[in-house]
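Now for the letters of each chain:
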Amino acid sequence: MNLRELVSALNDFASPSLAESWDNVGLLVEPSPPHAVNTLFLTNDLTEEVMEEAVQKKADLVLSYHPPIFTPLKRVTWKTWKERLVVRALENRIGIYSPHTAYDAIPHGVNNWLAKGLGACTSVPLHPSTAPNTPAEGTHRVEFCADAEHLDAVLSKIKDIPETSCFTTLPARVEGEEQTRVSLNCSQKALLEVVALLSQNSLLYHKTEILLLQKPLLPHTGMGRLCTLSEPASLSDIIERIKGHLRLPHVRVALGAGRTLESPVKKAALCAGSGSSVLKGTEADLYLTGEMSHHDVLDAVANGISVILCEHSNTERGFLSELRDTLAIHLQNKINIIVSEKDRDPLQVA
């Protein structure tokens, strides 16, 4: 499969526009075209050990959940391990693609996989995603009516205002007079100039409507999940379920104020990876994530919310096996997809 065709299919699977604004997703390293991909290699973290494994397994593209290039590189030398990853990738004609928070947001992504560890439940995103391309341009729509005497002059001036677009005109009858209804989209900044222009003519201004263009929410898509269990379960039962789902011998637990291991859990808020900012302020019996700051754990506990921490990538890595099977179907079994055997969380209990 051609690399660009594959990247397009991966973007269709999870649009990079769903990723958080601070993230660095998509194709990060591209060998000179044309580049055919026969083997897609999945990993949670692209370390040097994992890159060596990808080379040995003759991977043509590495899909690394976490972006190995996050802060900008000023040079590509052999000095630092992230620079060496880029060198090794290009020397061996291996592309690197990272989805990260785009995979957190999608309904068939990391957070929904993590929620399966709770048992039977229904879930909704804590922070729903909005449709990325609706409306295509502008934050506001301005509509006004003008007669033939004013129309051309007003339109000419408005079109000179930056960040205005989508002009449409329709015939209209206002108070028995033939006029033209004008509709346009504009940014917040341009709105001030458009209104100022129209206000110079009180007749136009009084016939003006301003609409806020709100992007629709995408169902089942967004950051974090609030899960309602079909049947309440004790915290101790939930701990065992999570350990089994993530295949971990240990997790870290903080009991909420007034709670015990036998306290029932009906609602659990979760976020794969580092969940403090996503979970903060959510009413639930339990927070489940990879890591939280000490003070955020104290806040949760003080509010009677228990916390389960599993280490950052342990809440993500198990998704790769499910992803392999899902992508195989999405890509119509056109390429070989393998999961890294060397990828692991850097922390362990000693």
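Described below are features of the structure shown in this document. Keep in mind the model is a prediction, meaning the values are calculated, not measured.

Conventions used here
- Residues numbered from 1 in each chain as written.
- Predicted model: local features only at pLDDT ≥ 70, side-chain atom pairs only at ≥ 80, totals over all residues.
- Heavy atoms only, no water.
- Pairing = 2+ DSSP bridges.
- Helix = DSSP H or I, 4+ residues; strand = E, 2+ residues; numbered from the N terminus.
- Axes fitted to C-alpha atoms, helices over the stretch in contact; angles between N-to-C directions.
- Contact = heavy atoms within 4.5 Å.
- Buried < 20%, exposed > 50% of the residue type's maximum accessible area, 1.4 Å probe, protein only.
- Salt bridge = Lys/Arg side-chain N within 4 Å of Asp/Glu carboxyl O.
- Arc of directions from axis to C-beta.
- Polar contact = N/O pair within 3.5 Å; in protein donor to acceptor, adjacent residues only side chain to side chain.

### Description of the sheet that holds strand 4 (residues 95-98)
Where strands meet in a sheet, backbone hydrogen bonds hold them as pairs that are either parallel or antiparallel.
Thought 1: Taken in spatial order, the 5 strands make up an open sheet running 1-4-3-2-15, and their pairing is mixed. Both outer strands of the open sheet, strand 1 (26-29) and strand 15 (336-339), are each paired with one neighbouring strand and no more. With direction set aside, neighbouring strand axes in the sheet form an average angle of 25°.
Thought 2: Taken together, the 4 bridges between strand 2 (residues 39-43) and strand 15 define a ladder with parallel strand orientation. Residue pairing in the sheet places Phe-41 in a bridge with Ile-338 of strand 15.
Thought 3: In the packing of helix 2 (residues 48-56) onto the sheet, the strands contacted are strand 2, strand 3 (61-64) and strand 4, and the crossing angle to strand 2 comes to about 160°.

### A closer look at unusual backbone geometry
Thought 1: Omega for the bond connecting Pro-33 with Pro-34 falls within 30 degrees of zero, at 0°, which places this linkage in the cis form.
Thought 2: Within the secondary structure, Pro-34 sits in the loop between strand 1 and strand 2.
Thought 3: In the Ramachandran plot, Arg-247 falls in the positive-phi region, its phi being about 55° despite a non-glycine side chain.
Thought 4: With respect to the secondary-structure elements, Arg-247 resides in the loop between helix 9 (235-246) and strand 11 (252-254).
Thought 5: Classification of Arg-247 by relative accessible area gives exposed; the value is 76%.

### Considering the pattern of salt bridges
Thought 1: According to the stated counting rule, one finds 18 salt bridges in the structure shown.
Thought 2: A salt bridge links Lys-280 to Asp-299, with the shortest nitrogen-to-oxygen separation between them at 3.6 Å. One end of the pair, Lys-280, is in the loop between helix 10 (276-279) and strand 13 (286-291); the other, Asp-299, is in helix 11 (residues 294-302), with 19 residues separating them in the sequence.
Thought 3: Judged by its relative accessible area of 54%, Lys-280 falls in the exposed class.
Thought 4: We classify Asp-299 as partly exposed; its relative accessible area is 40%.
Thought 5: Sharing partners across several salt bridges, the network here consists of Asp-45, Arg-317 and Asp-343.

### Some points on the environment of Ile-305
Thought 1: Of note, Ile-305 is situated in the loop between helix 11 and strand 14 (306-309).
Thought 2: Measuring from C-alpha to C-alpha, the distance between Ile-305 and Leu-286 comes to 5.3 Å, with 19 residues separating the pair along the chain.

### Quick word on helix 1 (residues 3-13)
Thought 1: Every buried residue belonging to helix 1 is among Leu-3, Leu-6, Val-7, Ala-9, Leu-10 and Phe-13, and all of these are buried. Down the axis of helix 1, the sector holding all buried residues measures 160°, keeping them to one side. Opposite the buried face of helix 1, at more than 90 degrees from it, the exposed residues are Arg-4 and Asp-12.
Thought 2: Turning to helix 1, the residues buried within the fold contact strand 1, strand 3, strand 4, helix 4 (101-105) and helix 12 (319-330).
Thought 3: Sitting at the amino-terminal end of helix 1 is Asn-2, which places a side-chain oxygen 2.9 Å from the backbone nitrogen of Arg-4.

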